[in-house]
Amino acid sequence: MKPELLSLPERFPKSSTYDPNWLLSLDMGPNPLWQLEELWPSLDLRSGQHVLDVGSGGGATAVFLAREAGVSVDAVDLWVAAEVAAETYREMGVEHLVRPLHGDVRTMELPEAGYDAIVSLDAWEYFGTDVHFLPQLVAALKPGGVLGFVTPSLRDDPYLIDPLPVLADTVGFELLSWHPASWWAKHTHLTGNLAEVQAWVPKDSLDLWLRWEEAVESVTPMRNALTAYRQLGGDTPALGLVHVTGRKLI
Ligand SMILES: C[S@@+](CC[C@H](N)C(=O)[O-])C[C@H]1O[C@@H](n2cnc3c(N)ncnc32)[C@H](O)[C@@H]1O
């Protein structure tokens, strides 16, 4: 592990205050705190608000939301048991603000107009492409509330242009959900009936993803794939994480 790589105080002042060893111990993919901090200005969170974190995994982002904004969080995850995440929330002193929930967001009952914001970091690829998903999720958002999610994204749509074999061999059919930003903008606007939809891949997205892999010191096919995509160059990274936000109409 190279925890020192996670300190980027100028790019991510908030995330850089968190113990990198703690963050790496919760690793389930590229740094979720960087993703959330990139979304942060669009979320406009205020203390006392109620937030749903979808696919919260080990719980790093729910801790961040509770600590940085003073919001209460329902942290929903399918693969991580609620008791395991609860331990993290206790250790980090936010158990009074974060409620761990175990379940499948596609089928679980959510409170009607219950949340000021819904966020999801590196989980949308597992359910977000279904045109029937967003209408039921947006029902849980208060009018005027904000949705913000982050998910892997290819510059060239995988249905139109074959991804590099090194990535296809690594990710398999799941790659078909790694759509470009324009696809996600249209899909989110139309299926969620959301306004002010923005979808962007930060210019340094691929470099940041690789930096995370280097911090984890993973010698994985994914690292090779990211390196191959970096060699393609271009203004928008050929592979990265798309950040999408939208507001529910009042
Ligand atoms: C790649 S991990 C990312 C976890 C965490 N957000 C992070 O970045 O560390 C994807 C997460 O999505 C969750 N997930 C996948 N499908 C889900 C579903 N249908 N409902 C709720 N969570 C789901 C998994 O349980 C997993 O923890």
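Whatever comes next refers back to the structure up there.
Owing to the predicted nature of the structure, the values given are computational and were not obtained by experimental measurement.

(A) Seen up close, unusual backbone geometry. Backbone geometry places Asn193, a non-glycine residue, at a positive phi of 50°. Mapped onto the elements of the fold, Asn193 is located in the loop between α7 (181–192) and β6 (194–200). The class for Asn193 is partly exposed, based on 13 C-beta atoms found within 10 Å.

(B) Expanded view of the environment of Leu190. Within the fold, Leu190 resides in helix α7. By the C-beta count within 10 Å, which is 12 here, Leu190 ends up exposed. Sequence-wise, Leu190 and Val131 are 59 residues apart; in three dimensions their C-alpha atoms are separated by 8.9 Å.

(C) Structural context of the sheet that holds strand β1 (residues 50–54). In space, the seven strands of this open sheet follow the order β3-β2-β1-β4-β5-β7-β6, with mixed pairing throughout. A strand with exactly one partner marks an edge of an open sheet, and here the two such strands are β3 (98–102) and β6. When the angles between neighbouring strand axes are averaged without regard to direction, this sheet yields 15°. As paired strands, strand β5 (residues 141–154) and strand β7 (residues 239–248) are joined by nine bridges and run antiparallel to one another. Opposite Phe149, over in β7, you have Val244 as the bridge partner.

(D) Structural context of the nonpolar core. The biggest cluster of nonpolar side chains holds 66 residues, and the ones touching the most others in it are Val51, Ala62, Leu65, Ala66, Val73, Ile118 and Val119. With seven residues, helix α3 (residues 60–69) is the largest single contributor of residues to this core. Every residue in contact with Ala66, bar those within four places of it in the chain, is listed here: Val71, Val73, Val94, Leu97 and Val98.

(E) Molecular detail of the site of the ligand. Near the ligand, the surroundings consist of 22 residues, among which Pro32, Gly55, Gly57, Trp79 and Ala123 are the closest. Contributing elements (two or more residues each) for the shell around the ligand: α3 and β2 (72–77). Looking at the shell around the ligand residue by residue, the classes come out as 12 nonpolar, six polar and four charged.

Rules behind the numbers
Residues numbered from 1 in each chain as written. Predicted model: local features only at pLDDT ≥ 70, side-chain atom pairs only at ≥ 80, totals over all residues. Helix = DSSP H or I, 4+ residues; strand = E, 2+ residues; numbered from the N terminus. Buried ≥ 20, exposed ≤ 12 C-beta atoms within 10 Å, placed from the backbone. Pairing = 2+ DSSP bridges. Axes fitted to C-alpha atoms, helices over the stretch in contact; angles between N-to-C directions. Core = buried A, V, L, I, M, F, W, Y, C linked by C-beta atoms within 7 Å. Contact = placed C-beta atoms within 7 Å. Near = placed C-beta within 6 Å. Nonpolar A, V, L, I, M, F, W, Y, C, P; charged D, E, K, R; others polar.

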